Amino acid sequence: MVRILFLLFVSSFLFLTPFYASAQKERGTPKSGEGISAFLLRHKRPGNTYYQEFLELNKTQLRGKKELRLGVKYILPPLKPSTGTTVATASNSSTSSAGSGKTINEPLLGKELAKVRVTGSRLKGACFYVVSGHGGPDPGAIGRIGNTELHEDEYAYDVALRLARNLMEEGAKVYIIIQDARDGIRDDRYLKNSKRETCMGDAIPLNQVDRLRQRCTKINELYKKDRRNYAYCRSIFLHVDSRSKRQQTDVFFYHTPNSAGSERLTTTMKNTFESKYDRHQPNRGFSGTVSPRNLYVLANSSPAGVYVELGNIQNAFDQRRFVISSNRQALAKWMMEGFIADYKKSR
């Protein structure tokens, strides 16, 4: 009798253990605009090992292969015993080894996202100059939703930071040319306006030509040194257009006239966006364009570049592309993928 009861107890324990273990799996829900790396970092699981485990645990829950869905509770990889990390402290971005990977510390990204874990290598050996339009005394185009003003420089800057972080995660060297020491990446719909932006620490002039010359000079100074170490250096200028309220536009791109590198990059970027629209909005289509334009920043900066207009800040439909943080994150991700595709073509 005792033996029968013992066997029943063991059988019950073996039956219940898998369910109990499953119930103990820790889960988390992503915030709006959050990518996998940032989501894992918030849950103290940085690095490629956690990243790959997360993909395996949640492969049926992701959009595509690597995109989070809002409102979904994702299984978090089990925490591993801490082996200690190296903390980088500097007013400018720096790198340090942490565990088996590389960590970039960039305070401009904001307190929660300043530590960037390099989880890929698709842009290793590439260098980028990320420039958001206007800034400082110049807000750029101004749109409105009710009584709230939408300033071009704030939304372009937020997308620029998100793009910079994505590029860093893929192993690229990245310079954030226009900077705000306080803002960081923000998930708010209505981004607070300020005049704090600098050109890598230097006050931004009010005069338009002086302002554009300043950022081109900074890029060219950096590029003069970087071209010795990086075979692929590219600049990107991010803006938000202002047109009639009735005119809805897709993202469109300008390249330097008579520059093969700039034209190829711009075309590749546009094709990347087109493929994303075909996948995520198949019945809508994509009407974004590529064209040459003799813009000051394209003509006077040395690396091949692309000038991106993210949409019409006056149009109610286009405004959703800017005010929803997950849309700003998607813009950054697609631009990163455009760079990756162009980088492959150049090698």
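Since we're looking at a predicted model, the values are computed, not measured.

The rules we used
- Residues numbered from 1 in each chain as written.
- Predicted model: local features only at pLDDT ≥ 70, side-chain atom pairs only at ≥ 80, totals over all residues.
- Heavy atoms only, no water.
- Phe/Tyr/Trp six-rings, centres within 6.5 Å; stacked < 30°, edge-to-face > 60°.
- Helix = DSSP H or I, 4+ residues; strand = E, 2+ residues; numbered from the N terminus.
- Buried < 20%, exposed > 50% of the residue type's maximum accessible area, 1.4 Å probe, protein only.
- Lys NZ or Arg CZ within 6 Å of the ring centre and 35° of its normal.
- Expected span 1.5 Å × (residues − 1).
- Polar contact = N/O pair within 3.5 Å; in protein donor to acceptor, adjacent residues only side chain to side chain.
- Axes fitted to C-alpha atoms, helices over the stretch in contact; angles between N-to-C directions.
- Parallel < 35°, antiparallel > 145°, perpendicular 65-115°, else oblique.
- Left-handed = near helix turned anticlockwise from the far one by under 90°.
- Contact = heavy atoms within 4.5 Å.
- Pairing = 2+ DSSP bridges.
- 1 Å grid on protein atoms, 1.4 Å probe; cavity = no way out; pocket = protein on both sides within 12 Å on 5 of 7 lines; lining within 4 Å.
- Points joined across faces, edges and corners; volume = space filled by probe spheres on them.
- Nonpolar A, V, L, I, M, F, W, Y, C, P; charged D, E, K, R; others polar.
- Lys, Arg positive; Asp, Glu negative; His and termini not counted.
- Salt bridge = Lys/Arg side-chain N within 4 Å of Asp/Glu carboxyl O.

Visitor: How should the packing of aromatic side chains be read in this particular structure?
Guide: How two aromatic rings sit relative to each other is given by the distance of their centres and the angle of their planes. Counted by the stated rule, this structure contains twelve aromatic pairs. Taking 6.3 Å as the distance between ring centres and 70° as the angle between the ring planes, the aromatic pair formed by F39 and Y74 counts as edge-to-face. Separated by 35 residues along the polypeptide, F39 in helix α2 (residues 36–42) and Y74 in strand β2 (residues 74–75) bring together distant segments of the chain. Per residue, the accessibility class of F39 equals that of Y74, and both read buried. Considering the side-chain rings of F253 and F273, the 5.5 Å spacing of their centres and the 70° angle between planes classify their relative orientation as edge-to-face. Separated by 20 residues along the polypeptide, F253 in strand β14 (residues 252–255) and F273 in helix α6 (residues 260–280) bring together distant segments of the chain. Taken together, F128, Y232, F339 and Y343 form an aromatic cluster joined through their ring pairs. Looking at R234, its charged tip hangs above the ring of Y232, at a distance of 4.1 Å from the centre. Above the ring of Y254, the side-chain terminus of R293 is found at 5.0 Å from the ring centroid.

Visitor: Any chance you could explain helix α5 (residues 208–226) here in plain terms?
Guide: Each full turn of the α-helix corresponds to 3.6 residues, which orients residues three or four apart in the same direction. Taking 1.5 Å per residue as the helical rise, α5 with its 19 residues ought to reach 27 Å, and the 27 Å between its terminal C-alpha atoms agrees with that figure. Where α5 begins, the capping side chain belongs to N207, and its oxygen is found 3.1 Å from the backbone nitrogen of V209.

Visitor: Help me understand the packing of helix α4 (residues 152–169) against helix α9 (residues 325–346), please; the structure alone is not making it clear to me.
Guide: Two quantities define a packed helix pair, namely the angle between the helix axes and the distance between the axes. Between α4 and α9, whose axes approach to 8 Å, the crossing angle comes to 50°. Relative to α9, the element α4 lies oblique. Judged by the twist between their axes, the crossing of α4 over α9 is right-handed. Taken together, the residues of α9 that come into contact with α4 (itself represented by Y155, D158, V159, R162, L163, N166 and L167) are S325, R328, Q329, L331, A332, K333, M335, M336 and F339.

Visitor: What is the right way to look at the sheet that holds strand β12 (residues 202–203) in this model?
Guide: Hydrogen bonds between backbone groups are what pair the strands of a sheet, and the pairing can be parallel or antiparallel. Pairing within the open sheet is antiparallel, and its three strands lie in the order β10-β11-β12. Strands at the two margins of the open sheet, each flanked by one partner only, are β10 (178–179) and β12.

Visitor: When you look at empty space enclosed by the protein in this model, what are you seeing that I'm missing?
Guide: The rolling of a water-molecule-sized probe over the atoms marks out the regions of remaining empty space. Evaluation of the coordinates by the stated rule reveals one cavity of 30 Å³ or more. In this structure, the largest cavity spans a volume of roughly 30 Å³. Every residue lining the largest cavity is listed: S37, L40, R45, P46, G47, Y51 and T119. Grouping the amino acids of the lining of the largest cavity by side-chain chemistry returns three nonpolar, three polar and one charged.

Visitor: I would appreciate a short explanation of the sheet that holds strand β13 (residues 232–241) in the present structure.
Guide: Ordered by their spatial adjacency, six strands build an open sheet running β9-β6-β13-β16-β14-β15, and the pairing between neighbours is mixed. Either end of the sheet is taken by a strand with one partner, and the two such strands are β9 (173–176) and β15 (290–292). Pairwise comparison of adjacent strand axes, ignoring direction, gives a mean angle of 25° for this sheet. With four bridges connecting them, β14 and strand β16 (residues 304–312) associate as antiparallel partners. Each residue of the ladder has a partner; that of F253, found in β16, is V308. Where α5 meets the sheet, its contacts fall on β6 (126–132), β9 and β13, and the angle it forms with β6 comes to roughly 175°. Sheet contacts for α9: β6, β13 and β16; angle to β13, the most-contacted strand, approximately 150°.

Visitor: Got a minute to help me understand the side chain of E197 in this structure?
Guide: Mapped onto the elements of the fold, E197 is located in the loop between β10 and β11 (198–199). The side chain of E197 sits in the buried core without any salt bridge; R186 is the nearest counter-charge, 6.2 Å away. From its side chain, E197 meets the backbone nitrogen of G136 in a polar contact 2.9 Å long. Once residues within four sequence positions are removed from consideration, E197 is found in contact with G135, G136, D153, E154, I178, Q179, D180, D183 and I204.

Visitor: Where do I start with the pattern of salt bridges in this structure?
Guide: Opposite charge on two side chains allows them to pair when their charged atoms are near. Here the structure, examined in full by the defined rule, presents 24 salt bridges. Here R196 and D180 are joined by a salt bridge, their closest N and O atoms 3.1 Å apart. Of this pair, R196 sits in the loop between β10 and β11 while D180 sits in the loop between β10 and β11; the two residues are 16 residues apart in sequence, bridging distant segments of the chain. Classification of R196 by relative accessible area gives partly exposed; the value is 32%. One salt bridge connects D342 with R234, and the closest N-O pair in it is separated by 3.9 Å. Of this pair, D342 sits in helix α9 while R234 sits in strand β13, and the two are 108 residues apart along the sequence. Accessibility classification places D342 together with R234 in one group, the buried group.

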